[in-house]
Amino acid sequence: MQESRLANLLPSLRESIYVGISAGSMVTAPIFGEICDDPEPPFVIGKGRGLVDFALLPHLDHRNHPESSTAHVVRMAAGVPVPTHAIDHQTAIKVMDGTAEVVPEGRWQLFMP
């Protein structure tokens, strides 16, 4: 997002529709965190774009994402200082006028700091 300059453009697109999948949704948060491949190292937190006021952990309990098991998500969310939504592949979050609404077709959890 930085290299393409999309990161600089996003704040000006408040009247647009943005659809993010996986990391593309995580970066909309004020901060985001992840564990890449190996779920054992410390949780890494980075600065997001701040388009929403919550963090997002995608791929909840997906067989191809062992780092996103419920047990790991509980541990990760405990280290995030903003509300954190963990969602599976059948769930979406719609944000309109600053209000987040979970569109639950599958499993999701909300963790408060």
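Residues numbered from 1 in each chain as written. Predicted model: local features only at pLDDT ≥ 70, side-chain atom pairs only at ≥ 80, totals over all residues. Heavy atoms only, no water.

Visitor: Kindly report on unusual backbone geometry, identifying the contributing residues and their values.
Guide: Here the phi dihedral of Ser-22 falls at roughly 60°; this positive angle occurs in a residue that is not glycine. Following the sequence through the fold, Ser-22 ends up in the loop between α1 (6-9) and α2 (23-26). With phi around 55°, Asp-61 is a residue other than glycine that occupies positive phi space. Secondary-structure assignment places Asp-61 in the loop between β3 (55-57) and α3 (70-77). (Helix = DSSP H or I, 4+ residues; strand = E, 2+ residues; numbered from the N terminus.)

Visitor: Now, about α3: what can you tell me, with residues and values included?
Guide: What α3 keeps buried is the set His-72, Val-73, Met-76 and Ala-77. Buried residues along α3 cover an arc of 130° about the axis, so they all sit on one side. Each element contacted by the buried residues of α3 is listed here: β3, β4 (84-87) and β7 (108-111). (Buried < 20%, exposed > 50% of the residue type's maximum accessible area, 1.4 Å probe, protein only. Arc of directions from axis to C-beta. Contact = heavy atoms within 4.5 Å.)

Visitor: With reference to specific residues and values, describe a nonpolar patch on the surface.
Guide: Together, Met-1, Leu-6, Leu-9, Leu-13 and Tyr-18 make up an exposed nonpolar region whose accessible area comes to about 380 Å². In this structure, Leu-6 sits in helix α1. What makes Leu-6 partly exposed here is its relative accessible area of 30%. (Patch = residues over 30% accessible without salt bridge, like charges linked within 9 Å, V, L, I, M, F, W, Y side chains within 5 Å. Areas by Shrake-Rupley, 256 points an atom, 1.4 Å probe, with all protein chains shown as cover. Salt bridge = Lys/Arg side-chain N within 4 Å of Asp/Glu carboxyl O.)

Visitor: Could you give an account of the sheet that holds β7, naming the residues involved and the relevant values?
Guide: Overall, mixed pairing links the 3 strands, which are arranged β3-β4-β7 in an open sheet. Of all the strands in the sheet, just β3 and β7 have a single pairing partner and so form its edges. Pairs of neighbouring strands in the sheet enclose a mean axial angle of 20°, with direction left out of account. Here 4 bridges tie β4 to β7, and the two strands are oriented antiparallel to one another. Bridge pairing links Thr-84 to Phe-111 in β7. Contacts from α3 reach β3, β4 and β7 within the one sheet, and its direction differs from that of β7 by about 20°. (Pairing = 2+ DSSP bridges. Axes fitted to C-alpha atoms, helices over the stretch in contact; angles between N-to-C directions.)

Visitor: Now, about the side chain of Ser-68: what can you tell me, with residues and values included?
Guide: Here Ser-68 shows up in the loop between β3 and α3. Judged by its relative accessible area of 6%, Ser-68 falls in the buried class. The contacts of Ser-68, once residues within four sequence positions are left out, are Pro-58, His-59, Leu-60, Asp-61 and Val-73.

Visitor: Requested: an account of the pairing of β4, with residues and values cited.
Guide: Strand residues, when the strand is regular, have side chains that alternate between the two faces of the sheet. Side chains Thr-84 and Ala-86 project from β4 onto one buried face, and the interleaved His-85 and Ile-87 project onto a second face that is buried too. As judged from the 3 bridges shared by β3 and β4, these two strands associate in the parallel manner. Within β4, the position partnered with Leu-56 by the bridge is His-85. Read from β3 through α3 to β4, the crossover connection turns out right-handed. (Right-handed = clockwise from strand over helix to strand, strands pointing away.)

Visitor: With reference to specific residues and values, describe the side chain of His-85.
Guide: Here His-85 lies in strand β4. The contact partners of His-85, leaving out residues within four places of it in the chain, are Phe-54, Ala-55, Leu-56, Leu-57, Ile-93, Val-102, Trp-108, Gln-109 and Leu-110.

Visitor: Please set out the pattern of salt bridges residue by residue, giving values where relevant.
Guide: In total, this model carries 2 salt bridges according to the counting rule given. When the shortest N-O distance is used, the salt bridge between Arg-107 and Asp-61 registers 2.4 Å. Separated by 46 residues along the polypeptide, Arg-107 in the loop between β6 (99-104) and β7 and Asp-61 in the loop between β3 and α3 bring together distant segments of the chain. Residue classification places Arg-107 among the partly exposed positions, given a relative accessible area of 40%. When the shortest N-O distance is used, the salt bridge between Glu-101 and Lys-94 registers 3.7 Å.

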